[in-house]
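Residues per chain, in single letters:
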Amino acid sequence: MPDMSASASLAMTHLVSFAKEVDEDKVTPGVLGFIVFAAMALAVWALMKSMSRHMNKVDFTQAPDPEAEQAEPGTADAETSGQGKQKQG
């Protein structure tokens, strides 16, 4: 690795001394943590609002099946009762 310039080493010296001043027992998320949390909160709010709009469009009433109405009433009962019974012999 190439040698650091004088200004880079001076900057690193100041940053290291600043880091020593910070209390090692106290950890905070800082401004970046707040910005990330706020962005995630806004995204969840927008998704919930969108989901609410889409759910309001859904029609929960079920229409009757037109094929079931056309079938003869006695045919369905005969088919279901005959499926379970088999000839034993």
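Scoring rules and cut-offs
Residues numbered from 1 in each chain as written. Predicted model: local features only at pLDDT ≥ 70, side-chain atom pairs only at ≥ 80, totals over all residues. Heavy atoms only, no water. Helix = DSSP H or I, 4+ residues; strand = E, 2+ residues; numbered from the N terminus. Buried < 20%, exposed > 50% of the residue type's maximum accessible area, 1.4 Å probe, protein only. Areas by Shrake-Rupley, 256 points an atom, 1.4 Å probe, with all protein chains shown as cover. pLDDT = per-residue confidence, 0-100.

A.B. asks: Account for the overall build of the protein, naming residues and giving values.
C.D. replies: When helices and strands are tallied, the protein shows 4 helices and 0 strands. Counting helices and strands in the order they occur from the N terminus, the protein gives α-α-α-α. Looking at the protein residue by residue over its 89 residues, the buried ones come to 0%. Carbon and sulfur atoms form 63% of the exposed surface of the protein, whose accessible area is close to 9000 Å².

A.B. asks: So what's going on with the confidence of the model for the protein? Which residues, and what values?
C.D. replies: Of all residues in the protein, 53% attain a pLDDT of 70 or more, and the chain-wide mean is 75. Element-level pLDDT for the protein is lowest in helix α4 (residues 73-84), with a mean of 54, against a maximum mean of 96 in helix α2 (residues 30-57).

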